[in-house]
Amino acid sequence: MRRPSFTVMNSNAFGRTGSFFLVLLLSHLAASSPAQTAKEPPLTAELSISPARLAPGSTIELVFPTPMVDAARTGTLAETSPLVIEPELAGEFEWTSSRSGNYRLTQTPRFNQKYAFRLRAGLTDLAGGALDTAVIDTVSSDGFKVLDQDPKWYGQNDVPRSRPFLFQFNDQVNPAEAAPHFSYRATEPELVVPARVRYATGKELRDLYADLQRTWTEETGDAEPVTGDDEPRLSALIVEPAEPLPAAKQWDLVLAPELANSSGQARLGEERRVRVGSVLPMLAESVSARTPFDQDYHLEIDFNKTLKAPLAQEGEDAAASAARRAAWAAELMARIVIEPAPADLRAEVNWDVLRLTGRFELGTEYRVTVPPGFESWDGLALDQPFQPRAPYEPHP
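Residues numbered from 1 in each chain as written. Predicted model: local features only at pLDDT ≥ 70, side-chain atom pairs only at ≥ 80, totals over all residues. Heavy atoms only, no water.

A. Inspection of the pairing of strand E10 (residues 182–186) at higher detail. Extensive coverage of E10 is indicated by the burial of four of its five residues. Where E10 and strand E11 (residues 191–201) come together, four bridges link them in antiparallel fashion. Paired with Ala186 across the strands is Leu191, a residue of E11. (Buried < 20%, exposed > 50% of the residue type's maximum accessible area, 1.4 Å probe, protein only. Helix = DSSP H or I, 4+ residues; strand = E, 2+ residues; numbered from the N terminus. Pairing = 2+ DSSP bridges.)

Encoded structure:
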């Protein structure tokens, strides 16, 4: 009977083969086991700031993805704010829900300063989840600027020559340092008139019915501005021409970019123009021959501006006022030359009209000369003679 045969393997060969199968087994076991959980990324919060440029009254809202506090904390201040601002800008954080809140500034920002907003280091939610403390947003604060002016607009024709303007700023200003940065400029002809600048008093602000504008410091402290009648408002300026504006087209009041606050830390940064309007020269516009049925014939000389009347005297009664105005009208009439000269000539003034009444004859052409020197209410004088003809035509 034949004996069965056996193949004996070399021990070294077995070792190599066994190692190979062991590696396959371990790989299979690793593939079939559950995957290890990766480290969770930190939670991120959302920040919104309105308006976009930071100011003391800005609404700064922070919203978290998960609850941060118990709902019972809603409406309370956080002992330590979850929001950090760099450079440091102090404030209070109030929870508006378990996962949101508002940050209110208690420190006045610097003008034109960039601020970085991030979450406090080590901050976690109620469940212990870590929050991302990288910078959420970088925001620039607003600049030094004009908050309000009065008047806000002017009529474009024949504006007052010395009408003051009121400007209110968001910080204190120094009139002496500000004055060189205000000027009045006209286009036709090109003229420049410097400005005179001073603080507005409380009484002036009330007389103008101006709404007092809070400075950034007042807004941060939630303080209402109060100014006594004779007390200067340190953030409000009265600006007027250093001399009455001469006749010219299109005057603008110009605020230069270099205009700064009292500390000199911030400037307007851009030119600001306020449209003032045109100052018209004094003109005699027309002479009209009037032949009414129920009145004496008369000439009417029309000017483009109200004639300058003599000032009333203190304590003057109606009779004295009428006598003063009659004497003034007679003085104006004496300057007028009418050829041929009518008899019984008399005069009266009605704002911008000088009426000369007398025995004018129908069918006669009268030559009228209005000489230079007639003065308007705003101090401009007629600089050229006016010599029209005024025919008296009979009614058809």
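B. Highlighting unusual backbone geometry. Residue Ser50 is joined to Pro51 through a cis peptide bond whose omega torsion reads -5 degrees. With respect to the helices and strands, Pro51 occurs in the loop between strand E1 (46–50) and strand E2 (59–63). That bond from Glu188 to Pro189 is cis: its omega, -10 degrees, falls within 30 degrees of zero. Among the structural elements, Pro189 can be located in the loop between E10 and E11. The phi torsion at Asp222 lies on the positive side, around 55 degrees, for a residue other than glycine. Considering the arrangement of structural elements, one finds Asp222 in the loop between helix H4 (216–220) and strand E12 (232–241). With phi around 55 degrees, Gln250 is a residue other than glycine that occupies positive phi space. Among the secondary structure elements, Gln250 is positioned in strand E13 (residues 248–255). Note on Gln250: relative accessible area 18%, which makes it buried.

C. Inspection of the nonpolar core at higher detail. Phe167, Phe182, Tyr184 and Leu253 are the most contacted members of the largest nonpolar core, which has 57 residues in total. Contacts of Leu253, omitting those with residues within four sequence positions, involve Phe165, Phe167, Phe182, Ser183, Tyr184, Val239, Arg272, Arg273, Val274 and Val276. Grouped together as the second largest cluster of nonpolar side chains are 23 residues, Ala45, Phe64, Tyr115 and Leu131 included. (Core = buried A, V, L, I, M, F, W, Y, C linked by side-chain atoms within 4.5 Å. Contact = heavy atoms within 4.5 Å.)

D. Spatial organisation of the pairing of strand E16 (residues 298–303). Of all six residues that make up E16, six are buried, and the element is covered over most of its length. Neither face of E16 is open: one carries His298, Glu300 and Asp302, the other Leu299, Ile301 and Phe303, and all of them are buried. Bridge count between strand E15 (residues 284–290) and E16: six bridges; the pairing is antiparallel. The residue of E16 that forms the bridge with Val287 is Ile301.

E. Representation of the packing of aromatic side chains. Summed over all chains, the structure comprises 12 aromatic pairs. Centre to centre, the rings of Phe111 and Phe144 are 6.2 Å apart; their planes meet at 70 degrees, and the pair counts as edge-to-face. Within this pair, whereas Phe111 is found in the loop between strand E5 (100–105) and strand E6 (114–119), its partner Phe144 is found in the loop between strand E7 (137–140) and strand E8 (146–150), the two being separated by 33 residues in sequence. Judged on exposure class, the residue Phe111 and its partner Phe144 are both buried. Aromatic pair Phe144 and Phe169: ring centres 5.4 Å apart, planes at 10 degrees, arrangement stacked. Pair noted here: Phe144 is in the loop between E7 and E8 and Phe169 is in strand E9 (residues 165–169), with a separation of 25 residues, a long-range link. With a relative accessible area of 2%, Phe144 lands in the buried category. By the ring-pair criterion, three or more aromatic residues cluster together here, those being Phe111, Phe144, Phe169 and Trp216. The ring of Phe374 has Arg335 sitting right over it, with the charged end atom 5.0 Å from the ring centre. (Phe/Tyr/Trp six-rings, centres within 6.5 Å; stacked < 30°, edge-to-face > 60°. Lys NZ or Arg CZ within 6 Å of the ring centre and 35° of its normal.)

In short, the description is geometric, and any link to function would need to be established separately.
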